Amino acid sequence: AVLSRELKDLPSLPAVVLKLLKISSSAESSAGELVKLVETDPAITARILKVVNSAAYGFSRKIDSIKHAVVLLGFDKMRTLALEISVFEQMVRPGESSGFDLKFFWQHCLSVACLSRAIAEEKGHPDPERLYIAGLLHDIGKMILEVNGKITYGDFIKYNSYFSGNLLKKEANIIGLSHDQLGADFCHLWGLPVSITLPVRFHHERYHQLNLDQEHFLEIGVVSLADFLTWAHGIGSVNLILHRTLQPETMEITSLGTLNLTALLERMDREILETARFYDISFPSLNQLRENLLLFNIDLCRFNNACTNRQDELESQIQSLSSLKDSLPVPHGSLNREEIVKQTLTALHREFSYDRLYFLEVGEKKRGFKISFFLNFTTREDALTGTAVEITAEMKNFIDSLRNRIPKVISGSTSDENQVLEKFGVSELGIIPVVSNEKVIGLLCVDNISSKRAIHQSSLASVSIVTHEMGKALEHAGLFQKYRVMASIDGLTGLYNRYVIEEIIKEYFLKADSRGHPLTLAMIDIDFFKSFNDHFGHIAGDKILKNMANTMQKFSRPNDYLGRYGGEEFIVILTETGYIDGFRYGERLRKKIEKLGHVLKKRFPGHSLTVSIGIASYESGMKKAEDLIAQADKTLYMAKEMGRNKVVGFYREEKKWSGGKSPVPVEQVTG
């Protein structure tokens, strides 16, 4: 499904390469077979003779036949050289690509191959040349995708210009299969031995669970270590600094501490530099390698520092939590919100002795909070209940805390944050987001206004675990208790199901009707979704629905509600959002899905992933939530009628149609 043609229609590995691989993997192969095979391909013969007559080999007289070359070089060296040149001539050179630098890819493969052979020799492997071949082919899946993928590897790299997280998962999500899986599948189809197929498949993953003999374990470990070391030098298969993980079994099986890494790397440098000129490759200079290593180590140090700091925090949390669990009341059985907050804040004071603790809930103003509960354990008579805090763009620590759901110590790094501290009469404030049902519902704040004791980040981390439990208790105490009891989540997409999303619409419709809160719905439908199912199957259709849900979740705010309304139809409740902002949201989402569709187009040829979106906002004349839903459905239908991949909206009180037959400003008709 990820390739541009059926397997039976794909060109096989070139015949000469396949035969060379079989000769390489057979203990019974002879020099005569190798000579006969190579001499059948004039281009490869010429290339080999050019290589062996170069200064790199330093022979005193000219070598004019493959048979002579085999005598001087030996069978093992000659078969490896022939295979290397064959793969380059028949697979790498023809596939020029602007998105995927094939020469950069080839220098990575050569480096991994050289290192694999050197490590194999040092570890006493019976056939180091076999490991050279495994290293040469370890990333063959990327080449297959580049030449025959519906989404080429170049397309994939351009879409993911900055890599973070698990590369294999990104490949599987966007392309449909990771390069290691695809490469191993083809090695199997070509009949290559497991000594090559296994390193291709597992050079990025854990393999301790495999029931293999020691030699095969070593082969995977050797290629995995060689791949890691070349990436660490900045010689990766793509021109990016990308961190690789080194599996525990690789470190164990290769006895990493006993390897002479300096000698291995010197040998790799020597062999690679000798080979580079024949492939017109410019390997990094010594200074460039040094810079690559420095950048790699700087990033590793940054990660290491984060891990060390996290370890210190966790140790502190363990100590705090062991004491805190005894001071906390029994698990919240009350459905009274005030009682839940009071119990939690009192327990936190007993453990951490904060002077004041207060709970701020999301206020009526967008991006604002208001103190709804306040506990003061000082002699001061402050009355902070009802005090509001508006979050501005300058309050970077507040925003970071809310976006990433992490506690923060606020000490006045910006003028707007200083104003909050002045409002509370303190120089330092600890804030912890309180999360309910995946959304921030408030902030728990602590200060030491009288004692002046410093607030430590590690103690806030412990407090955040408790506030997480408080958030769940508040969730059960509020309106969402019945949603959690029911099967509220759509099993495929992870979004609310239709029943729940309609109940939430009713709740916010009442707020809009009684308090004048702005409210907008976006109804979204995948264009021609049935055609995806018919041509590519329901599993492919399910993946599209999941990609849609993931994109919508990343694209929406914490106070938005997303639901699967039925089939390929979704609905988004945009709370505290008027018509204009709602329409802009729809257009941004439409463009985002269209961009994803461009990436997936080669995976689903002839089918572009786009959406039609209908926008409707609350109007004073509406009597019930169903009226608002019907209006959104009507605008969605109009978007489809107008050709799909459009956003159409209606807001009667402004007398404007954004689409349809009524005259409107051109910029409001989109798609």
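Residues numbered from 1 in each chain as written. Predicted model: local features only at pLDDT ≥ 70, side-chain atom pairs only at ≥ 80, totals over all residues. Heavy atoms only, no water.

A. Structural context of the overall build of the protein chain. Helix and strand counts for the protein chain stand at 26 helices and 12 strands. Buried residues in the protein chain amount to 52% of all 671 residues. Of the contacts made within the protein chain by residues no fewer than 6 positions apart, 65% connect residues no fewer than 24 positions apart. (Helix = DSSP H or I, 4+ residues; strand = E, 2+ residues; numbered from the N terminus. Buried < 20%, exposed > 50% of the residue type's maximum accessible area, 1.4 Å probe, protein only. Contact = heavy atoms within 4.5 Å.)

B. Seen up close, a nonpolar patch on the surface. Nonpolar side chains collect at one region of the surface, where Phe 59, Val 71 and Leu 72 lie side by side and expose about 260 Å² of accessible area between them. Within the fold, Val 71 resides in helix α4 (residues 66-73). Owing to a relative accessible area of 62%, Val 71 belongs among the exposed residues under this scheme. (Patch = residues over 30% accessible without salt bridge, like charges linked within 9 Å, V, L, I, M, F, W, Y side chains within 5 Å. Areas by Shrake-Rupley, 256 points an atom, 1.4 Å probe, with all protein chains shown as cover. Salt bridge = Lys/Arg side-chain N within 4 Å of Asp/Glu carboxyl O.)

C. Highlighting unusual backbone geometry. Its identity as a non-glycine residue notwithstanding, Ser 353 has a phi of 60°, on the positive side. Look at Ser 353 and you get partly exposed, because its relative accessible area is 38%. In this structure, Lys 452 takes a positive phi of about 65° despite not being glycine. Turning to its location among the elements, Lys 452 is positioned in the loop between β6 (439-447) and α20 (457-477).

D. Representation of the environment of Leu 246 in the model. When you line up the elements, Leu 246 lands in the loop between α13 (214-232) and α14 (248-253). On a C-alpha basis, the gap between Leu 246 and Leu 229 in space is 9.6 Å, while along the polypeptide they are 17 residues apart. The residues contacting Leu 246, other than those within four sequence positions of it, are Ser 224, Leu 225, Phe 228, Met 251 and Leu 256.

E. A look at the nonpolar core. One finds Tyr 153, Ile 524 and Ile 526 to be the most contacted residues of the largest nonpolar core, which totals 94 residues. In contact with Tyr 153, other than residues within four places in its own chain, are Phe 100, Lys 142, Leu 145, Glu 146, Leu 167, Glu 171, Ile 175, His 179 and Val 238. (Core = buried A, V, L, I, M, F, W, Y, C linked by side-chain atoms within 4.5 Å.)

F. Spotlight on helix α24 (residues 538-555). The terminal C-alpha atoms of α24, which comprises 18 residues, lie 25 Å apart, in line with the 26 Å expected from a rise of 1.5 Å per residue. What α24 keeps buried is the set Ala 540, Gly 541, Ile 544, Leu 545, Asn 547, Met 548, Ala 549, Thr 551 and Met 552. (Expected span 1.5 Å × (residues − 1).)

G. Representation of the sheet that holds strand β5 (residues 429-436) within the structure. Sheet architecture is open: 6 strands sit in the order β3-β2-β1-β6-β5-β4, paired in antiparallel fashion. Two strands lie at the open edges of the sheet, namely β3 (388-390) and β4 (408-410), each paired on one side alone. Ignoring which end each strand starts from, the neighbouring axes of this sheet average 30° apart. (Pairing = 2+ DSSP bridges. Axes fitted to C-alpha atoms, helices over the stretch in contact; angles between N-to-C directions.)

H. Up close: the pattern of salt bridges. According to the stated counting rule, one finds 21 salt bridges in the structure shown. Taking the shortest distance from any N to any O, the salt bridge between Glu 249 and Arg 206 comes out at 2.7 Å. Taken together, the residues Glu 249 in helix α14 and Arg 206 in the loop between α12 (194-202) and α13 connect sequence positions 43 residues apart. The buried category is assigned to Glu 249, whose relative accessible area is 9%. Since its relative accessible area comes to 37%, Arg 206 is described here as partly exposed. Each of the salt bridges in this network shares a partner with another, and the network as a whole consists of Asp 127, Arg 130, Glu 215 and Glu 219.

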